[in-house]
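# A look at the structure
Spelled out from the first residue to the last, the chains are:
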Amino acid sequence: MTSKTSLSVSEAVFVLNFSNGVTAFDKNAIKFFEEQFNVKIGQGFTLFDIFNADLATRLNEKLVFCKKGKFQILAWNEKESVKEFRFYISPIVQEDQTISSVSISVELNNSQEALLQNIKIEKELEYSKQFYSNLFNNNPDAVFAFDLEGNFINVNSQSATLAETSTEELIKMHFLPFIPDEDKEKVLEKFSSSLNGKSPKYETRFISTKGTRKILEINNIPIRFKGEIIGVYGIAKDVTKQREIENNIIAERQMLKAIIDNIPDYIFVNDKDHKSILANKKFFNKILGKDIDQGTSGYSPLDYYDLEKAKEIIVDNEAVIKTGIPVINRPDLIVNNEGKEEMVLLTKVPLKDCEDNIIGLIGIARDITETYLNNKKKDLIFKTIKAFGDKPTFKEATIKALRTFCTELGYDYAEAYKVSVNNTKLIRTCNWPILNDNTKNSEEKVLYERGEGLPGRVWQNAEIEIRRSREGSLLNEMQIEDPSQIKTVVGIPITFEGKLISVFCFGSYKHNKEIKKGVLNDVSIQVASAIERKRSQEQLNNFFSYSPNLIAILGLDGFIKKVNPSFERKFEYPESEILSQPFLDFIHPDDLQKTFEAMETVSIAGSDFEIRCRKKDGSYLWISWRFSRFFETENVVFVYGTDITELKDHENLIKDNAKRFKALVQEGSDHISIMDRDYNYLYNSPAVKSIFGLTAGEMNKTNFRDHLIPVDEKKINEDLLLLSKSKRLQLPSYRITNKTGDIRWIETIVTDLTDDPAIDGIVMNSRDITEFISQERKLLESLKRYDIVAKATSDIITDFNIKDRIIQVSESATEVFGFDKVESYPIEWWNEHIHPEDHDFVREAAQSMVLRGNQNLTVEYRFRCADGTYKHILDRSYLISDKSGKPQRIIGSMQDITEMKRYLIEIENHNKRLREIGWTQSHLVRAPLAKVMGLVDLLLNYKNDLENIDEILEKVLNSANELDKIIRHIAVQTEKEI
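Summarised in this report is the structure supplied together with it. As the structure is a computational prediction, the values presented were derived from the model and not from experiment.

## Examining the sheet that holds strand β28 (residues 681-684)
- An order of β28-β27-β31-β30-β29 is seen for the five strands of this open sheet, with the pairing classed as antiparallel. In this open sheet, the two strands that pair with only one neighbour each are β28 and β29 (728-737). Within this sheet the neighbouring strands show an average axis-to-axis angle of 25°, counted without direction.
- As paired strands, β29 and strand β30 (residues 743-753) are joined by eight bridges and run antiparallel to one another. The residue of β30 that forms the bridge with Gln730 is Ile749.
- Lying on the sheet, helix α23 (residues 710-721) is in contact with β29, β30 and β31 (761-768); it crosses β29 at an angle near 165°.

Shown next, in the form of C-alpha cells:
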C-alpha cells in the first residue's frame, strides 16, 4: 500500500477488539503512532487512547457497520496540516460466525503532489465556505452535510436548533439516532441512493435529542469531488405544522369521503368539460368498474358508457351547466358495469365558484331499483292476471302473458309448456311472438322429458335455470326467423300448491342479459294462481260448453236465463227462443204438477225429479233434473239435466222383455228346465206338458234319463260327459217317450250354470222337433225327386243366395254352356256372361224382384258360352223370403231356347214372304179384276145404251189376260216358297 517513490509515506496495522481494545499490532505501529500521534501504542488501548476525540468518534461510528460485517474506509485530514490519513477497517469473522474484532490499517500520504492538491482543495473549500456560508448560517431550514458514513461533518444553527443540541455536539453525531426505528430503513435506503448519485426528496419522522418528534421534508444531494462522491449534502425543512394542517384537512376529507363513500347513492362532481372531479366509491365501483384507489378524476361519460348513451348524458349535463336549472329527482334507468339495470332518482345541480360562476355540476342518483322492481313486479303481476282475465281462451291468455313478460322485462322471445296428462313429458303449448299461422301445427310436437334440455331441467329441479348460447343449444325448434339471435334463455317453473303446472321460457338477444331471479320467482307465484284460475275457468267453460248433460240457469221468475250448447242441440231450439218463453211451456202437461212440487224444494240441493220436456218437433224427451245450487240474492238456481229417454226406453224394453220372457218361458213352446248335477229335474217350464204330457210338479220328481229311448241313452250320456270341458253344448237329436207312450224327437241345448249362485244347476232348452223330422224326411224325398227331375230335363236349375251372392247351378250347365263342372259361381262372374245388350234390363228385372218382393220373374236373354258364342235363355225365377219377408234365395230354371228361337225366326221370315204375296194379291190382282168387273157391269146393265160394245169386250179381254199373267206369277212364287 506504500510506494517506493513516496517522500514520506508510512503505514501501521493493529487489531482492535470491541471489548478489550488493541490486542495486536505490527512492528511499525509503535514508531508510526509516536511520530504521527505522539502516542506509544500498547495492549488494551482504545481508540480514544490513540486518537483525538473527533477522529476516535468517527472511527467508532465506522465500527458500528463493521460489526455487521461491512468493510469501512475513513479519510481524515488533520487541521492546519496537509497530512491525510486513510483508515481501512476490516471485520474479522470468528469460527462461530461472530465478529468481535476488526483489523485497522492506517496510511499516511504527505507527497508534494498531494500537498499541492490539498492547497488547491483548501482554496476551493474556502471559496465554497464563503459561497455557502450564507446558505448554512442564514437558511431558515436545517442545512447539513454527511460524510460517506452518514456522520455529520457540517451543520448550521437551524440544524442544531432542530436537533435541540449544539452544533459542536451535533457534528460529533451520526444521523441514525435521530430517526425512529420505523423510518430507519427508508432513510438508509434514501441515503444509499444519494451515494449512488441520486438526489431523493422524501419525508421522515425525526426525534430530537430531547425526544421532540417532528416531521421533516428532506432533500439529499450527492457531494462530488473530482467525479467522486465524497459525501451527502442535505436540507431538512420542518413540515410538522404543515403536515398537521394537511392531516387535519385529509382527515376531514377522509371523513367526508367516508361519508360520501358509505352513502348508498351515486355521487359525482364534474367540471364544465364533463370530466369527473370527485366521485364516491359506489360510482367508481358500479359505474366505472374501477377501484377508487386508482383515482377519481378525469373520467367522462365516454369512458364508461357506449357512445350513444354517453352523448345523451353529456347533452343532459350541458343543459344543467348552461341554464343553471337543476334536475330534481328525475326517474332514470342506468346500466352499471355488470350490465345490470338500475332505476334511480337523479338530481343534478350546478357547481359554482366563490364568484357564483358555474364551473361544473354535482350529481346524486338515489338507487330506487328495489322499489322500482317492486312496483314493476306489482304492475307485471297485475297485467299478467289481467291478461288471463281478458282473453276468452287459456291459450290466448297465455300468449298475452308471455308478451307482457317480454315487454316489461326486456325479453325478445318466449315459450310456454304444460305437463302431459301421464306426467311424462313437457309439451310446448304456445310461443310469442307468433311467427305465422302454421305454428299451431308444430307447437305440441316440441316435447321434453324430465331433465332434458333447459325446460326439462326446470321441471326436474323446480328452480329457475339460465343458459347462455356459449354453453350449448338453448331451445328446440324456436318459432323465430333466426333462432341463432337468441343468446340467453331463462326457464321459470310455475308451481301451484307444490305441483308444477307449467314452464315459461324467455329468450334474449343479449349475451349477458341480466336475470332478475327474485322478480321472476315472486311473479311466478302469482302467475301460477292466475294460470290455475284460468285453467279452472276454461275447464268450467269447456264443461259448460261441451258437457253432454243439460246445464241451465233457471230464474224463479219463470224464465230460463242461460243454457249450454247441449241444451240447444238436445231440444233443437235456438237459445233466443228458449230464453224468451216461460220454461213451463216446454214441460209435458202431465208433468207440470211434479215440476211445481220440485220448485217448492228448490233450496234443497241434490233433489231429483224426472219429467218430459218438449222438443222443437213436438216430441218429448224424458229428462232427469237436479237443482245444484240456489243463489238467493240473484233468485236463480243452477239446474243439471240428463237425457234418460233411452233409459226409459230400456226400462220399457225390460218390461217388454219380461213379458217376452214370460211368453217364451212360461207360455212358449220350448221346454226350459233346470237340473242338479245328477240331472234330477228342479224346475220345468209349462211347455213340459205339451212335450212330456206331465205337469211341472210331476216332472220335478223324475230324472232326465228316465225319459230317454234306450237306443239313444248311451250316445246322450257320452255327449253329456263333454259338459265338463265346455260350459255349453248342443245334444244330437234324440227320442223320448211321453206319458201316453208316444215317441217324440227332441233337440236340446245344455248349459252348465252350477257356478252361478242364481241358478246353481244345469239348464236345458229343449224343443219338440218331431214335426221337423217328419218334414225333413219328406224334404229328402223331394230332393231325391228334384235330383231325378234335374237329371231328366235339359233345363239348368239355379239357386242364388242373395246374402252370400253365390249362385249354384245344376250339372246341365256343363252340357249347355260347355263350362267345367263347378259347384258354385260368384254372381259377378254370372253377370259378366250375360250379353251386353241384355245386361241392363236383366239386372233391373232381378233387382226389382228383390226390392219389390216379386215372387216370379220370367225373362229372356242371351248368355255367353265357354266357346264365346251366345245362346238364347228363357229364365224363370222364384223368390224365397224368410218369415219377416226379407228375400233370401232365388230359385231359377234356365231353358236353352236357341233352336226354338231359330225356328221362330224362320217362321217370321216365311210369314213375311207370305205377307208380300198377300200384298201382291190385294193390290196387283185387284186392279185388272176391278176393270173386268166394271166393264161387265156396263155390259149387263147398260148394253142397250152402249154403242161401243166391241171395244168394251176387247178391254175385258185385255184385263182378263193381265189378270191371268199376275195369277201365274203368284203361283210360281208360291211354289218357290213351298
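That shown, we press on.
## Structural notes on the nonpolar core
- Of all hydrophobic cores here, the largest spans 31 residues; its most connected members are Phe405, Tyr411, Ile494, Phe504, Phe506, Leu520 and Ile531.
- Those elements that provide at least two residues to this core are α12 (369-390), α13 (394-409), β16 (413-419), β20 (488-496), β21 (499-508) and α16 (517-546).
- Contacts of Phe506, omitting those with residues within four sequence positions, involve Leu402, Phe405, Cys406, Tyr411, Tyr413, Ala414, Thr488, Val489, Val490 and Ile492.
- Within the second largest apolar cluster, 27 residues are counted, among which are Leu16, Ala56, Leu63 and Ile89.

## Some points on α12
- Along its 22 residues, α12 runs 30 Å from first to last C-alpha, staying within 8% of the 32 Å computed at 1.5 Å per residue.
- Taken together, the buried positions of α12 are Thr369, Leu373, Lys376, Lys377, Leu380, Ile381, Thr384, Ala387 and Phe388. Buried residues of α12, seen end-on, are gathered within an arc of 140° and therefore sit on one face of the element. The exposed set on the far side of α12, more than 90 degrees from its buried face, consists of Lys378, Phe382 and Gly389.

## Details of the sheet that holds strand β34 (residues 824-826)
- Read from one edge of the open sheet, six strands run β34-β33-β32-β37-β36-β35, paired in antiparallel fashion. Each end of this open sheet is capped by a strand with a single partner; those strands are β34 and β35 (856-864). Geometrically, the sheet is characterised by an average inter-axis angle of 25° between neighbouring strands, direction not taken into account.
- Inspection of the sheet shows strand β32 (residues 796-801) paired to strand β37 (residues 887-896) by six bridges, in the antiparallel sense. Residue pairing for β37: Ile797 is matched across the bridge by Ser893.
- Sheet strands in contact with helix α27 (residues 836-852) are β35, β36 (870-881) and β37, and its direction is about 155° off that of β35.

## Side note on the packing of α12 against α13
- Two numbers describe how α12 lies on α13: the axes approach to 8 Å, and their chain directions differ by 160°. Overall, the two elements α12 and α13 adopt an arrangement that is roughly antiparallel. Every pair of crossing elements has a handedness; the one defined by α12 and α13 is right-handed. In this structure, α12 uses Lys376, Asp379, Leu380, Lys383, Thr384, Ala387, Phe388 and Asp390 to contact α13, whose residues at the interface are Phe394, Ala397, Thr398, Lys400, Ala401, Thr404, Phe405, Glu408 and Leu409.
- Classifying every residue of the contact of α12 with α13 by side-chain character gives eight nonpolar, three polar and six charged.

## Examining the packing of aromatic side chains
- By the definition in use, this model includes 37 aromatic pairs.
- Between Phe144 and Phe146, the aromatic rings sit 5.0 Å apart at their centres with planes inclined by 50°, giving tilted as the arrangement.
- Each ring, one from Tyr679 and one from Phe704, has its centre 6.4 Å from the other, and the planes form 45°; the classification is tilted. Taken together, the positions of Tyr679 in the loop between β27 (671-675) and β28 and Phe704 in the loop between α22 (696-699) and α23 put the pair 25 residues apart, joining distant regions of the chain. As far as the burial class goes, Tyr679 and Phe704 line up, both buried.
- In this structure an aromatic cluster arises from ring pairing among Phe14, Phe32, Phe33, Phe37, Phe51, Trp76, Phe85 and Phe87.
- Sitting over the ring of Phe18, Lys67 keeps its end group 5.0 Å from the ring centre.
- Above the ring of Tyr411, the side-chain terminus of Lys513 is found at 4.9 Å from the ring centroid.

## Brief notes about the pattern of salt bridges
- Counted according to the given criterion, the structure contains 42 salt bridges.
- For Glu415, the salt bridge identified is with Arg428, shortest N-O distance 2.9 Å. Taken together, the residues span a long stretch of sequence, with Glu415 in strand β16 and Arg428 in strand β17 (residues 425-432) at a distance of 13 residues.
- Using a relative accessible area of 0% as the deciding quantity, one classes Glu415 as buried.
- Classification of Arg428 as buried rests on a relative accessible area of 0%.
- Through salt bridges with shared partners, a single network forms among Glu203, Glu217, Arg243 and Glu246.

## Notes on α23
- Here α23 contains 12 residues, and its C-alpha end-to-end distance of 18 Å stays within 8% of the 16 Å for a straight helix at 1.5 Å per residue.
- All of the buried residues along α23 are Asp712, Ile716, Asp719 and Leu720. Here the buried residues of α23 occupy an arc of 95° about the axis, which is enough to place them on one side. Opposite the buried face of α23, at more than 90 degrees from it, the exposed residues are Pro710, Lys714 and Leu721.
- Those residues of α23 hidden inside the fold are in contact with β29, β30 and β31.

## Topic: unusual backbone geometry
- The omega angle of the peptide bond from Trp432 to Pro433 is -5°, so this bond is cis rather than trans.
- Backbone geometry places Glu477, a non-glycine residue, at a positive phi of 50°.
- Counting through the fold element by element, Glu477 comes out in the loop between β19 (465-468) and β20.
- Given a relative accessible area of 51%, Glu477 falls into the exposed group.
- In the Ramachandran plot, Tyr679 falls in the positive-phi region, its phi being about 65° despite a non-glycine side chain.

Calculation rules
- Residues numbered from 1 in each chain as written.
- Predicted model: local features only at pLDDT ≥ 70, side-chain atom pairs only at ≥ 80, totals over all residues.
- Heavy atoms only, no water.
- Pairing = 2+ DSSP bridges.
- Helix = DSSP H or I, 4+ residues; strand = E, 2+ residues; numbered from the N terminus.
- Axes fitted to C-alpha atoms, helices over the stretch in contact; angles between N-to-C directions.
- Contact = heavy atoms within 4.5 Å.
- Core = buried A, V, L, I, M, F, W, Y, C linked by side-chain atoms within 4.5 Å.
- Buried < 20%, exposed > 50% of the residue type's maximum accessible area, 1.4 Å probe, protein only.
- Expected span 1.5 Å × (residues − 1).
- Arc of directions from axis to C-beta.
- Parallel < 35°, antiparallel > 145°, perpendicular 65-115°, else oblique.
- Left-handed = near helix turned anticlockwise from the far one by under 90°.
- Nonpolar A, V, L, I, M, F, W, Y, C, P; charged D, E, K, R; others polar.
- Phe/Tyr/Trp six-rings, centres within 6.5 Å; stacked < 30°, edge-to-face > 60°.
- Lys NZ or Arg CZ within 6 Å of the ring centre and 35° of its normal.
- Salt bridge = Lys/Arg side-chain N within 4 Å of Asp/Glu carboxyl O.

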